[in-house]
Amino acid sequence: MASLTSINSLQASLATAQRRVEQGQNQVQRDSEQLADSRRQLVKEKEQLSDTQRSTRQAQASSGEAIKVPQLDQAIRVAVPAQLSLNSASQAAPQPQLNSFGQSIGRLINVTA
């Protein structure tokens, strides 16, 4: 026959086990809510990333065509009139184009600086 002490001990063990089960269920509930929040946040961040990447691609596409980086060596060659080739530059008399050539280089330096 079971004694009163052993019955009380079993009841206390059962109550402890029930509390632990309830605590575990509460923890599972909190964890699943946190997981659902994390998944929603992940979806939101993926959408933001996609939007950012799309706008970056659009900005690069539109700015890539509109803005061209000046090439100084090509700009100087283009700005130099055909009369100022090495043959004509070696002549003793200075040509009036030299001043306009210098001004062109000065403007180019001001623009790029």
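Data block above holds the structure.
The structure presented is a predicted model; accordingly, all values stated were derived computationally and were not measured.

Student: Lay out the overall build of the protein in plain terms, naming residues and giving numbers.
Tutor: On a plain count of helices and strands, the protein comes out with four helices and zero strands. Each helix and strand of the protein, placed in order from N terminus to C terminus, yields the pattern α-α-α-α. Across the 113 residues of the protein, 4% fall into the buried class. Taken as a whole, the protein presents about 9900 Å² of accessible surface, with 56% of it coming from carbon and sulfur.

Student: Run through the pattern of salt bridges, naming residues and quoting values.
Tutor: Across all of its chains, the model carries two salt bridges by this definition. Across the salt bridge formed by Arg 40 and Asp 37, the nearest N and O atoms sit 2.2 Å from each other. With Arg 40 and Asp 37 both in helix H1 (residues 4-66), this residue pair falls three residues apart, about one helical turn. A relative accessible area of 44% means that Asp 37 is categorised as partly exposed. Note that Asp 51 and Arg 54 form a salt bridge whose closest N and O atoms lie 3.0 Å from each other. Of the two residues, Asp 51 and Arg 54 both sit in helix H1, three residues apart, roughly one turn of that helix. Assessed through its relative accessible area of 41%, Asp 51 is described here as partly exposed.

Analysis parameters
Residues numbered from 1 in each chain as written. Predicted model: local features only at pLDDT ≥ 70, side-chain atom pairs only at ≥ 80, totals over all residues. Heavy atoms only, no water. Helix = DSSP H or I, 4+ residues; strand = E, 2+ residues; numbered from the N terminus. Buried < 20%, exposed > 50% of the residue type's maximum accessible area, 1.4 Å probe, protein only. Areas by Shrake-Rupley, 256 points an atom, 1.4 Å probe, with all protein chains shown as cover. Salt bridge = Lys/Arg side-chain N within 4 Å of Asp/Glu carboxyl O.

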